[in-house]
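Coordinate analysis (summary)
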Amino acid sequence: MENNLNNPTKAKKLKLDFKEGKYATGRRKKSIAKVWVKKGTGIIHVNGLKMNEYFKRPVHQIIVTRPLEISQVASNYDVKCSVKGGGLSGQAGAIILGISKALISHDENLKKNLKKDKLTTRDSRVVERKKYGHRKARRSFQFSKR
């Protein structure tokens, strides 16, 4: 029983205070992210965990911090996200949009740089549905002459 209490693989979820922060929602594929941004030291929490613990891949970590680095305020704001639905890359994309919107509502001057890199618009691409008589969305079954 004592081994369960001291298990290093499970990280503790933190309770964070973001009452004076700005809120925005981001969406991508099937993912929805609720994002709060406030003045702080540059800490990012996703679903109560630190970003590095939630997103293990460096690609996703770079994607999530992109709006902060483009607007050059990476160490000025703390971010808290709760994200659900979809996979990790969809969730990272939803968080990007949420952070961008919240930063713009915090400081209107950041909109120019974020809009230039297309971080203020939702990426509307979603998975194409599977068609009847096909193996996948576009892939047909193998044709046999004989």
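Just so it is clear, the model here is predicted, and its values are computed rather than measured.

Analysis parameters
Residues numbered from 1 in each chain as written. Predicted model: local features only at pLDDT ≥ 70, side-chain atom pairs only at ≥ 80, totals over all residues. Heavy atoms only, no water. Salt bridge = Lys/Arg side-chain N within 4 Å of Asp/Glu carboxyl O. Helix = DSSP H or I, 4+ residues; strand = E, 2+ residues; numbered from the N terminus. Buried < 20%, exposed > 50% of the residue type's maximum accessible area, 1.4 Å probe, protein only. Phe/Tyr/Trp six-rings, centres within 6.5 Å; stacked < 30°, edge-to-face > 60°. Expected span 1.5 Å × (residues − 1). Pairing = 2+ DSSP bridges. Contact = heavy atoms within 4.5 Å. Axes fitted to C-alpha atoms, helices over the stretch in contact; angles between N-to-C directions. Bend = angle between axes of the 7 residues up to and from the residue.

Description of the pattern of salt bridges
When the charged atoms of two side chains lie near each other, side chains of opposite charge can form a pair. Tallied over the full model, the rule gives four salt bridges. Its salt-bridge partner being Arg-28, residue Asp-123 comes within 3.5 Å of it at the nearest N-O pair. Separated by 95 residues along the polypeptide, Asp-123 in the segment after helix H5 (111-116) and Arg-28 in strand E1 (residues 22-28) bring together distant segments of the chain. The class for Asp-123 is partly exposed, based on a relative accessible area of 26%. Linking Arg-138 and Glu-128 is a salt bridge whose minimum nitrogen-to-oxygen distance equals 3.1 Å. With Arg-138 in the segment after H5 and Glu-128 in the segment after H5, this residue pair connects regions lying ten residues apart in the sequence. Among the residues examined, Arg-138 registers a relative accessible area of 66% and is labelled exposed. Connected through salt bridges with shared partners, the residues Arg-28, Asp-123 and Arg-125 form a single ionic network.

With respect to the environment of Gly-87
Among the structural elements, Gly-87 can be located in the loop between strand E5 (77-84) and helix H4 (88-106). Given the relative accessible area of 39%, Gly-87 is considered partly exposed.

Topic: the packing of aromatic side chains
Enumeration over the complete set of coordinates arrives at two aromatic pairs. Measuring from ring centre to ring centre gives 5.2 Å for Tyr-23 and Trp-36, while their planes differ by 50°; the resulting arrangement is tilted. Of this pair, Tyr-23 sits in strand E1 while Trp-36 sits in strand E2 (residues 31-39), placing them 13 residues apart in sequence. For Trp-36, a relative accessible area of 22% translates into the label partly exposed. Consider the rings of Tyr-54 and Phe-55, whose centres lie 5.0 Å apart with planes at 85°: the pair is edge-to-face.

A few points about H4
Spanning 19 residues, H4 covers 27 Å between terminal C-alpha atoms, matching the ideal 27 Å at 1.5 Å per step. Counting buried residues in H4 gives 14 out of 19 residues, a clear majority hidden from the surface.

Some points on the sheet that holds E1
What the five strands build is an open sheet, ordered E1-E2-E5-E3-E4; its pairing is mixed. Only two strands of the sheet have a single partner each, and these edge strands are E1 and strand E4 (49-50). Against the sheet, H4 makes contact with E1, E2, strand E3 (44-46) and E5, and its axis sits at roughly 150° relative to E1, the strand it touches most.

What about helix H3 (residues 58-70)?
The end-to-end C-alpha distance of H3 is 17 Å, a good match for the 18 Å that 13 residues give at a rise of 1.5 Å each. The axis of H3 is deflected most strongly, by about 35°, at Val-64, and proline Pro-67 appears within four residues downstream. Of all the residues in H3, the buried ones are His-60, Gln-61, Val-64, Thr-65, Pro-67 and Leu-68. On its buried face, H3 sits against E3, helix H2 (51-54), E5, H4 and H5. Where H3 ends, the next residue or the one after it, Gln-72, has phi of about 60°, a positive value.

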